[in-house]
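One letter stands for each residue in the lines below.
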2 protein chains.
Amino acid sequence: MKVTPWEVEGKVDYDKLIKEFGTQKIDEKLLDRIEKNSKELHMFLRRKFYFSHRDLNLVLEDYDKGKGFFLYTGRKPSGPLHIGHLTPMIFTKWLQDVYGVNLYIEITDDEKFVFDRNTDWKQIDKWAEDNIKDIAALGFDPDKTFIFKDREYIKHVYPLILNVARRVTFSTTKAVFGFGPDSNIGQMFYPAYQTIPTMFEKKRCLIPCAIDQDPYWRIQRDVAESVGYKKTAAIHSRFLPPLQGVAGKMSASMADTAIWLTDDPKTVAKKVNKYAFSGGQATIEEHKKKGGNPDIDVSFQWLSILFEPDDKKLDKIEEDYRSGALLTGELKAILIEKLNKFLEEHRKKREKVNLEKFMKTGKLAQKMWETYYE
Amino acid sequence: MKVTPWEVEGKVDYDKLIKEFGTQKIDEKLLDRIEKNSKELHMFLRRKFYFSHRDLNLVLEDYDKGKGFFLYTGRKPSGPLHIGHLTPMIFTKWLQDVYGVNLYIEITDDEKFVFDRNTDWKQIDKWAEDNIKDIAALGFDPDKTFIFKDREYIKHVYPLILNVARRVTFSTTKAVFGFGPDSNIGQMFYPAYQTIPTMFEKKRCLIPCAIDQDPYWRIQRDVAESVGYKKTAAIHSRFLPPLQGVAGKMSASMADTAIWLTDDPKTVAKKVNKYAFSGGQATIEEHKKKGGNPDIDVSFQWLSILFEPDDKKLDKIEEDYRSGALLTGELKAILIEKLNKFLEEHRKKREKVNLEKFMKTGKLAQKMWETYYE
């Protein structure tokens, strides 16, 4: 197993990750508190897709005391989005709805630029616009959400970036990110910018992200208090498994491991039927006799994580698959239908998105364009 | 001898420096060309105070061919200015007058901030304003000169900074600047910004500076062409010697080694009389008999470099001092009078400076605030 911000390899042992990264498990007590605030827990929480955290208890305390908190997530505009990219955004949207808090979404055009010497701003801007549309389509509150590109907002934050940067040594970035003699100075500086949205308010920040992104926030937690802000909290998810199997995570560089938001119904059906790793048996007869294994079946996992919110329906699917009553082809058909319905709705919402609201004219966006951070 | 951008120690062997740094000597041919353009060579050139260069021949060729060039200098706002700080600015002003070219003056507030963890923006801004007033008082063309603070202009240049930064490795900054594991990531990123004004125009840039600043421009010369600009040229001066002796250079941290622009006439007289290293003899009798040595006499050196532009008058002073006819006290009195006259005039001009012109409303400044660099 190898889990870094750039690489996830092998079957992931999530309990081991919690120990290695020094994070906390989301326990029943925490889930109860969130349930009180939300009436019903999101399926990501009920089904332990979000399983780990840092300081989530403090976030909920702050909320209960009326101090509030805010949310931060981001996207490196390096290509089109797949379903896996959308999951933290979907959860973030739910958190915003439940807690009514501000959300900052950083589009890290500068990160893409310094980590990929072959790209240019035109290409990056194309993906940035594409990605922002997909993100905004999820329905965030346009008066409580600010989406910005790093290089457009730089003047508002450069002094604060430097205040973080002067506290972070080369040794630290080497230890956290593995930078070495051949790393360029743009890459080495970039982590400072990534901490900044956690300081957009004096309240505590909560970052929903996959567990592999945790190292990024260690630097923030080292430095934040010395520049007058709170250590950020985080809530960590597992990985949505790639089609080919439950190990690793979806790879943007391997198109067929993922369902892209632009995949049409036929492509979706073909990909799921051809690639989605099956927990079923080799023949229908054998399957009916021995039953399938939903734990390693990617179609079942996707339904469980993302596409079948109804617990009873999911239990029934699991039961039938385990018993052999539900065939692999039938299970895949359920997923294909749900996936295509989701994608169709998503693309409709995407058409109606008003980017200006999130980036310039919404209440929070307006305020942010008048604010300068030191 | 030790010469780095941060430290100058010992008696400087300038011919050796030219070899070590790999620069070119300013030869008679080059001086003739400049003389043709200027009618009369500046005393800094006549007296070999500016002695070394990179690509100055190409700058003059570009000028002759009508391609033009531009000037760039800068200041880290870390405290008040002394006479030594002003010398490259005085020469830059002369070059602007002779060639009628644009000049960019970078105030590196970010550099100060990341290299000094104990300072804050308020302190830096105070010195920035103070320094800019002193610089602007030299009389640059307000429509051809743009003075800017790094953190105010950042949005206009951040994409280009990143384009430089992604081509500069940690190894390179280590070799050029001596950065190590404890250097902070702000320090490591900063050299990228310092290259940017050399790319404000597609023409060739000429940087007048003391020879110890040469390493800064090596990175620029490595990278410039790959991002679509010209390698910068430079013209290098010796150091104005500190009062205490002709070795080393004036130190901002040792107040009595320098004459500050705010020193009043009494202070100037006291400092020169008390500290200015003398090439004279121990007693008046001995001096009259053996004569003094102007080569190691700081008062004479200051007159020669900065305060006695008339070659004949200087020759006479040198002759009289060498023969013993001119006593050390008399030599010092000449310098004191010149110095105080210079300072008085400078402070008068300083009062009348219109900073807005250079920073916002002059022709070049206006254009720069409408320009974005990728």
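Conventions used here
- Residues numbered from 1 in each chain as written.
- Chains lettered and ligands numbered in written order.
- Predicted model: local features only at pLDDT ≥ 70, side-chain atom pairs only at ≥ 80, totals over all residues.
- Heavy atoms only, no water.
- Pairing = 2+ DSSP bridges.
- Helix = DSSP H or I, 4+ residues; strand = E, 2+ residues; numbered from the N terminus.
- Contact = heavy atoms within 4.5 Å.
- Axes fitted to C-alpha atoms, helices over the stretch in contact; angles between N-to-C directions.
- Buried < 20%, exposed > 50% of the residue type's maximum accessible area, 1.4 Å probe, protein only.
- Polar contact = N/O pair within 3.5 Å; in protein donor to acceptor, adjacent residues only side chain to side chain.
- Buried area = accessible area lost by both parts, 1.4 Å probe.
- Salt bridge = Lys/Arg side-chain N within 4 Å of Asp/Glu carboxyl O.
- Nonpolar A, V, L, I, M, F, W, Y, C, P; charged D, E, K, R; others polar.
- Least-squares fit on C-alpha atoms with pLDDT ≥ 70 in both.
- Disulfide = S-S within 2.5 Å.

Novice: What exactly am I supposed to notice about the sheet that holds strand 3 (residues 24-25) of chain A here?
Specialist: The strands making up a sheet are joined through hydrogen bonds of the backbone, oriented either antiparallel or parallel. All names here are of chain A. Strand order across the open sheet formed by seven strands is 3-4-9-8-5-6-7, with mixed pairing between neighbours. The open sheet has two free edges, formed respectively by strand 3 and strand 7 (145-149), since each of these has just one partner strand. Bridge count between strand 4 (residues 50-54) and strand 9 (residues 233-237): four bridges; the pairing is antiparallel. Bridging across to strand 9, Tyr 50 finds its partner in Ser 237. Packed on one face of the sheet, helix 1 (residues 14-21) meets strand 3 and strand 4 and runs near 5° to strand 4. Docked against the sheet, helix 4 (residues 56-64) engages strand 4, strand 5 (69-75), strand 8 (204-210) and strand 9, running at close to 135° with respect to strand 8.

Novice: Any chance you could explain helix 14 (residues 298-307) of chain A here in plain terms?
Specialist: Each α-helix winds once per 3.6 residues, and so residues spaced three or four apart point in a common direction. Residues and elements named next belong to chain A. The element helix 14 is extensively covered by neighbouring structure, given that ten of its ten residues are classed as buried. When helix 14 is considered as a whole, its buried residues turn out to be Val 298, Ser 299, Phe 300, Gln 301, Trp 302, Leu 303, Ser 304, Ile 305, Leu 306 and Phe 307. Residues of helix 14 that are buried sit in contact with helix 3 (43-46), helix 5 (83-99), helix 12 (265-275), helix 15 (311-323) and helix 16 (328-351). Its side-chain oxygen at 3.0 Å from the backbone nitrogen of Ser 299, Asp 297 defines the N-terminal cap of helix 14.

Novice: How should the interface of chain B and chain A be read in this particular structure?
Specialist: Accessible area lost on assembly of the parts is the figure often given for the size of an interface. Contact residues are listed per partner, giving 36 residues for chain B and 36 residues for chain A. A buried area of about 3300 Å², summed over both sides, lies between chain B and chain A, and 67% of it is on carbon and sulfur atoms. At the junction of chain B with chain A, the criterion picks out two salt bridges. Linking Glu 374 of chain A and Arg 151 of chain B is a salt bridge whose minimum nitrogen-to-oxygen distance equals 4.0 Å. On inspection of chain B and its partner chain A, the count reaches 18 residue pairs in polar contact (both at pLDDT 80 or more). With nine residues, helix 8 (residues 150-165) of chain B is the largest single contributor of residues to the side of chain B that touches chain A. Its residues placed into classes, the side of chain B that touches chain A shows 16 nonpolar, ten polar and ten charged.

Novice: Got a minute to help me understand the relation of the copies chain B and chain A in this structure?
Specialist: In this arrangement, two copies of a chain are superimposed by a rotation about an axis accompanied by a shift along the axis. Of the two same-sequence chains, chain B is brought onto chain A (RMSD 0.0 Å, axial shift 0.0 Å) by a rotation of 180°. Each copy turns onto its partner about a two-fold axis. In terms of C-alpha distance to the rotation axis, chain B has Lys 155 of chain B as its closest residue, with the C-alpha 2.6 Å off the axis. In this assembly, 100% of the residues forming the interface of chain B have copies in chain A that are likewise at the interface, indicating an isologous arrangement.

Novice: Which parts of the structure should I look at to understand the side chain of Ser 299 of chain B?
Specialist: All names here are of chain B. In this fold, Ser 299 is placed in helix 14 (residues 298-307). With relative accessibility at 1%, the residue Ser 299 sits in the buried group. Leaving out residues up to four positions away in the same chain, Ser 299 has contacts with Val 272, Ala 276, Phe 277, Leu 331, Lys 332 and Leu 335.

Novice: Please clarify how the state of the cysteines should be interpreted in this entry.
Specialist: Put plainly, a disulfide is one covalent bond tying together the sulfur atoms of two cysteines. Residues and elements named next belong to chain A. All told, the structure shown has zero disulfides over all chains when counted by the stated rule. Cysteine Cys 205 remains unbridged, with the sulfur of Cys 209 as its closest cysteine sulfur at 10 Å. By relative accessible area, Cys 209 is classed as buried at 6%.

Novice: How should I be thinking about the pattern of salt bridges in this particular structure?
Specialist: Oppositely charged side chains can pair when the atoms bearing their charge come close. Tallying each qualifying case throughout the model produces 58 salt bridges over all chains. Lys 357 of chain A is paired through a salt bridge with Asp 143 of chain A; the nearest N and O atoms lie 4.0 Å apart. Here Lys 357 of chain A is found in helix 17 (residues 355-361), whereas its partner Asp 143 of chain A is found in the loop between helix 7 (121-136) and strand 7, with 214 residues between them in sequence. In this structure Lys 357 of chain A comes out as partly exposed when scored by relative accessible area, which is 29%. Salt bridges sharing common partners tie together Asp 109, Asp 125, Lys 149, Arg 151 and Glu 152 of chain A together with Glu 374 of chain B.

Structural measurements only, silent on function.
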